[in-house]
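Read off the chains here:
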Amino acid sequence: SQLAEENSWALSVHEGESVTVNCSYKTSITALQWYRQKSGKGPAQLILIRSNEREKRNGRLRATLDTSSQSSSLSITATRCEDTAVYFCATLNTGNYKYVFGAGTRLKVIA
Amino acid sequence: EAAVTQSPRNKVTVTGGNVTLSCRQTNSHNYMYWYRQDTGHGLRLIHYSYGAGNLQIGDVPDGYKATRTTQEDFFLLLELASPSQTSLYFCASSDYNERLFFGHGTKLSVL
């Protein structure tokens, strides 16, 4: 079963708009990570947010974490065409060092 | 930036064929991982390792073997390839900083 999953399969927005990708997870975590995968490339980490943090920012990116509802969100403001990618949330089990990924949300930013 | 190199980038084989996918990381990370990526399933963990000679079973290990020969090198072996193993395969490495570094992927087609 998926231990982490995004809540939308695909989204599209126009350039300049804001967008939010949501994620839910099913296990106790020490941190949740967001990755972005551009076409033809491997995923790359965007943000790591720890269980004692409620919000984390990285430029135009903002991640939130709600441990009570076991959910997280990644918001992108002022989107650009180059934000077109698949966005994954992932959790790490620090006991066995397994990373588990959600199925991903495909974001398309239209010029 | 951590470097993870996979080879080959593309591979075509026939059902029952023998395939070896290679991965090398050059940052002395302890952990290395093999994932497969399929539409609708995101990234699923096949095998992983925390050092030379070590192998840990992932979430979808059936039909795959793996071997970690050195700190740098991790191989994924398909000894009797089947069409269900047609996929995009990613290798990744990590240390205790909770960040995965991915290679560019190997596209495998089993005819």
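The coordinates are above.
These numbers come from a predicted model, not from an experiment.

Calculation notes
All residue numbers here refer to positions counted from 1 along the written sequence of the relevant chain. Here every chain gets a letter starting at A, and every ligand a number starting at 1, in the order they are written. Local features in a predicted model are, by the rule used here, given only for residues with pLDDT of at least 70; side-chain atom pairs are given and counted only at 80 or more, and totals for whole chains, interfaces and linings are based on all residues. Processing note: side-chain calculations cover all non-hydrogen atoms of the structure and skip hydrogens and water entirely. Segments assigned H or I by DSSP are reported as helices when at least four residues long, segments assigned E as strands when at least two residues long, and all are numbered from the N terminus. Based on C-alpha atoms, the radius of gyration is set beside the globule rule, defined as 2.2 Å times the residue count to the power 0.38. Three exposure classes are used, based on accessible area relative to the maximum for each residue type with a 1.4 Å probe and protein chains only: buried under 20%, partly exposed in between, and exposed over 50%. Every residue pair with non-hydrogen atoms within 4.5 Å of one another is taken to be in contact. The accessible surface values rely on the Shrake-Rupley method and a 1.4 Å probe; as for residues, cover is taken only from the protein chains in view. For the purpose of charge, His is not counted, nor are the chain termini; Lys and Arg are scored as positive and Asp and Glu as negative. Lys charges are placed at NZ, Arg charges at CZ, Asp charges at CG and Glu charges at CD. For our purposes a nonpolar core is just a set of buried Ala, Val, Leu, Ile, Met, Phe, Trp, Tyr and Cys residues, chained together by side-chain atoms within 4.5 Å. The disulfide criterion is simple: two cysteine sulfur atoms within 2.5 Å. Between 30 and 60 degrees the pair is tilted, below 30 it is stacked and above 60 it is edge-to-face, where a pair is any two Phe, Tyr or Trp rings, Trp via its six-membered ring, whose centres lie within 6.5 Å. Within 3.5 Å is the distance limit for a polar contact, defined as a pair of N or O atoms, with the added protein rule that one can donate a hydrogen and the other accept it, and that residues adjacent in sequence qualify only through two side-chain atoms. Throughout this description, the term salt bridge denotes a Lys or Arg side-chain nitrogen within 4 Å of a carboxyl oxygen of Asp or Glu.

**Remarks on the overall build of chain A**
Looking only at helices and strands, chain A has 0 helices and 11 strands in total. Counting from the amino terminus, chain A carries its helices and strands in the arrangement β-β-β-β-β-β-β-β-β-β-β. On C-alpha atoms alone, chain A measures out to a radius of gyration of 13 Å, which is about the 13 Å that the 2.2 N^0.38 rule sets for 111 residues. Within chain A, buried positions represent 45% of all 111 residues. Across chain A, the fraction of contacts at a sequence separation of at least 24, relative to all contacts at a separation of at least 6, is 52%. Total accessible area on chain A is roughly 5200 Å²; 45% of this is exposed by carbon and sulfur atoms. For chain A, the separation between the mean place of its 14 positive charges and that of its 9 negative charges on side chains is 5 Å.

**Some points on the nonpolar core**
Residues and elements named next belong to chain A. Formed by 21 residues in total, the largest nonpolar core has its most connected members in Leu 32, Trp 34, Leu 74, Tyr 87 and Leu 107. Residue assignment for this core shows that the elements contributing at least two residues are β3 (19-25), β4 (31-37), β5 (44-50), β7 (61-66), β8 (71-76), β9 (85-93) and β11 (105-110). Examining the composition of this core, we find that 4 residues originate from one element, β3, more than from any other.

**Concerning the state of the cysteines**
Counting across every chain of the model gives 2 disulfides over all chains. There is a disulfide in this structure between Cys23(A) and Cys89(A), and the S-S distance comes to 2.1 Å. Its S-S torsion of approximately 75° makes the covalent link between Cys23(A) and Cys89(A) right-handed. Of this pair, Cys23(A) sits in strand β3 while Cys89(A) sits in strand β9; the two residues are 66 residues apart in sequence, bridging distant segments of the chain. Cys23(B) shares a disulfide with Cys91(B); S-S distance 1.9 Å. The chirality of the disulfide connecting Cys23(B) with Cys91(B) is left-handed, given an S-S dihedral of about -75°. With Cys23(B) in strand β3 (residues 19-25) and Cys91(B) in strand β9 (residues 87-94), this residue pair connects regions lying 68 residues apart in the sequence. Summarising the burial analysis for this pair, Cys23(B) and Cys91(B) share the class buried.

**Considering the packing of aromatic side chains**
We describe a pair of aromatic rings using the distance from one ring centre to the other and the angle between the two ring planes. Tallied over the entire structure, the rule returns 15 aromatic pairs over all chains. A ring pair is formed by Tyr35(A) and Phe102(B), whose centres lie 6.2 Å apart and whose planes are at 85°; its orientation type is edge-to-face. Here Tyr35(A), found in strand β4, pairs with Phe102(B), found in strand β10 (residues 101-102), and the two come from separate chains. With respect to class, Tyr35(A) is no different from Phe102(B); both count as buried. Clustering of aromatic rings is evident, with ring pairs tying together Tyr35(A), Phe88(A), Tyr97(A), Tyr99(A), Phe101(A), Tyr31(B), Tyr33(B), Tyr35(B), Tyr48(B), Tyr50(B), Phe90(B) and Phe102(B).

**Structural notes on the environment of Ser18(A)**
Residue and element names in this part refer to chain A. The topology assignment puts Ser 18 in the loop between β2 (10-14) and β3. The sequence separation of Ser 18 and Ile 76 amounts to 58 residues, and the corresponding C-alpha distance is 5.6 Å. Setting aside its immediate chain neighbours within four residues, Ser 18 contacts Val 13, Ile 76, Thr 77 and Ala 78.

**Some points on the side chain of Gln25(B)**
Residue and element names in this part refer to chain B. With respect to the helices and strands, the residue Gln 25 is situated in strand β3. Its relative accessible area of 1% is what places Gln 25 among the buried residues. Here His 29 takes part through its backbone oxygen, which lies 2.9 Å from a polar atom of the side chain of Gln 25.

**Quick look at the environment of Ala52(B)**
Here Ala52(B) shows up in the loop between β5 (42-49) and β6 (56-57). Ala52(B) has contacts with Arg68(B), Thr69(B), Thr70(B) and Gln71(B), leaving out every residue within four places of it along the chain.

**Section: the pattern of salt bridges**
Oppositely charged side chains can pair when the atoms bearing their charge come close. For the coordinates displayed, the defined rule picks out 11 salt bridges over all chains. Of the charged contacts, one joins Arg62(A) and Glu55(A) as a salt bridge, the two residues approaching to 3.0 Å between their closest N and O atoms. On the accessibility criterion, Glu55(A) (37% relative accessible area) is partly exposed. Across the salt bridge formed by Arg36(B) and Asp38(B), the nearest N and O atoms sit 2.8 Å from each other. Salt bridges linked by common partners bring Arg36(A), Arg60(A) and Asp83(A) together as one network.

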